[in-house]
Amino acid sequence: MAYEIPDLLLAAPEIFMLTMVSIILIVDLFLPDRRRVWTYILTQVTLVAAAGIILVAGGEDVAYTFNGMFVGDPMADVLKITVCLTVAVMLAYSRSYAQVRGMYRGEFFVLSLFATLGMMVMISANHFLVLYLGLELMSLSLYAMVALPRDSGISTEAAMKYFVLGALSSGMLLYGISMIYGATGSLDITEVAQRIADGDAIPTILIFGLVFVVAGIGFKLGAVPFHMWIPDVYHGAPTAVTLLIGTAPKLAAFAFIIRLLVQALGLQQLLVEWQQMLVLLTVASLALGNITAIAQTNLKRMLAYSTISHMGFLLLGILSGTIDGFSAAMFYTMVYVLMGLGTFGMILLLSREGFEAENLEDFKGLNQRNPWYAFVMLMLMFSMTGIPPTVGFWAKLFVLQAALATGYVWLVVIAVLFSVIGAFYYLRVVKLMYFDAPTDTHAIEAYADVRALMSVNGLAIIVLGLTPGALLALCQRAIQLSL
């Protein structure tokens, strides 16, 4: 077999990030606590530089390296840049929060970078083992981050639940992958797709593997009935870590679905045989997420259940099985990440030493305390609900249009009905901010860069809502060129 010299330029962002993580680990050893800001700065430089490398090195062609195990395509470029910038914003929002809780340490930054590296590997994987390695690198880093406050019983409990259920889902996924290997004789995504298309796969074993793969994906997305870990982990993890878990991994999960279900297994054929199962996942996620969120008094738990409902919308786009559907799902994922950054960022902003602003009543009278932050939160809640002119309206509309175009009329009606139900718990936050008297009168203090980022975050919701075409066109072009 001829040895192929790998094209390292395709993997340059990942190589750069791994190198920088190693450097940051060593540098942090010699830094006293008062100079820990240098670890933070190096981490931010790494993330922004990695995004820059992807931007410069990326192109419109689909290219493979490492014997076809690693792929560089426009979809991967867009998602990886978004992941890097999302983690950079997360770290900026978390700086004050981490400082007063003893989390402003090298471990926090290094684990964030390792999780980011895992997501980037997942996004560019063209081989089942590479996909799995990226997933485990991301997951193991997040397990450790949830448990960072070692003296906190609730964080330790959340980390244990996350680890046990995550290990279970990884095991199911690995078992499904082994079945697919048994059915097709290959772990290469391109080759698996070719053998399935040619009819060379063993149908019974392939179907058996598909069940476990879909279950594993359901766990990672948090779709019902594989959602059990989400509320406890969101609630128990430090808010800074919840912000990370609730945003960037969703981009990697989207790529995971595209690589596994669409490129490897051929979604059209999958929909013929397993349409009912995927529809059930979608409807159950929309129903349970929206209905259960109404009963929550803790904002983080409310957002956890709302995440489940949003994943239902994501699956609705995937379920359409068309380029427009995948583009709408990618658009939805990116918009959801933007909304999640702002919403959890606001919780971090209102939190202070000895106080977690994670209950709904903590947002009472926010308009009297700071009208601008109340307006930003208002835009975020409107966008989560899907009210124009925010970008959340377009995200839901594009997904519903894609589903409607493929004949899922009844499913679209159900999605709209549950969106109306979901409006209740989002608008309840708006009511508390504008019509209730404040229970907390402390001044809201934040670094200048955090205030600026939060403002940009809120304004982006409106600007993208008024001009959604550019982002949608980017998603459509990335999907079309990659598939």
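One structure accompanies this document, and this report is about it. (Residues numbered from 1 in each chain as written. Predicted model: local features only at pLDDT ≥ 70, side-chain atom pairs only at ≥ 80, totals over all residues. Heavy atoms only, no water.)

**A short note on the overall build of the protein**
From N to C terminus, the protein includes 20 helices and two strands. Its C-alpha atoms give the protein a radius of gyration of 22 Å, near enough to 23 Å, the size a compact globule of 483 residues would have. Judged by the C-alpha coordinates and their principal axes, the protein covers about 70 × 60 × 40 Å. Per-residue burial for the protein yields a buried fraction of 61% across its 483 residues. Within the protein, contacts between residues separated by at least 24 positions form 79% of all contacts whose residues are at least 6 apart in sequence. For the protein, the computed accessible surface area is about 18100 Å², with 68% contributed by carbon and sulfur atoms. (Helix = DSSP H or I, 4+ residues; strand = E, 2+ residues; numbered from the N terminus. Rg over C-alpha atoms; globule rule 2.2 N^0.38 Å. Buried < 20%, exposed > 50% of the residue type's maximum accessible area, 1.4 Å probe, protein only. Contact = heavy atoms within 4.5 Å. Areas by Shrake-Rupley, 256 points an atom, 1.4 Å probe, with all protein chains shown as cover.)

**Points about the nonpolar core**
Within soluble globular proteins, side chains that are nonpolar tend to cluster in buried spots. Formed by 177 residues in total, the largest nonpolar core has its most connected members in F108, F254 and M330. For this core, the element with the most residues is helix α14 (residues 323-350), which contributes 19 residues. (Core = buried A, V, L, I, M, F, W, Y, C linked by side-chain atoms within 4.5 Å.)

**Topic: the side chain of T184**
Examined against the element boundaries, T184 turns out to sit in helix α6 (residues 153-184). At 2.8 Å, the side chain of T184 forms a polar contact with the backbone oxygen of I180. Reaching out from T184, the side chain makes a polar contact with the backbone oxygen of S186 at a distance of 3.3 Å. Setting aside residues no more than four positions away along its own chain, T184 makes contact with V192, R195, I196, A201 and L206. (Polar contact = N/O pair within 3.5 Å; in protein donor to acceptor, adjacent residues only side chain to side chain.)

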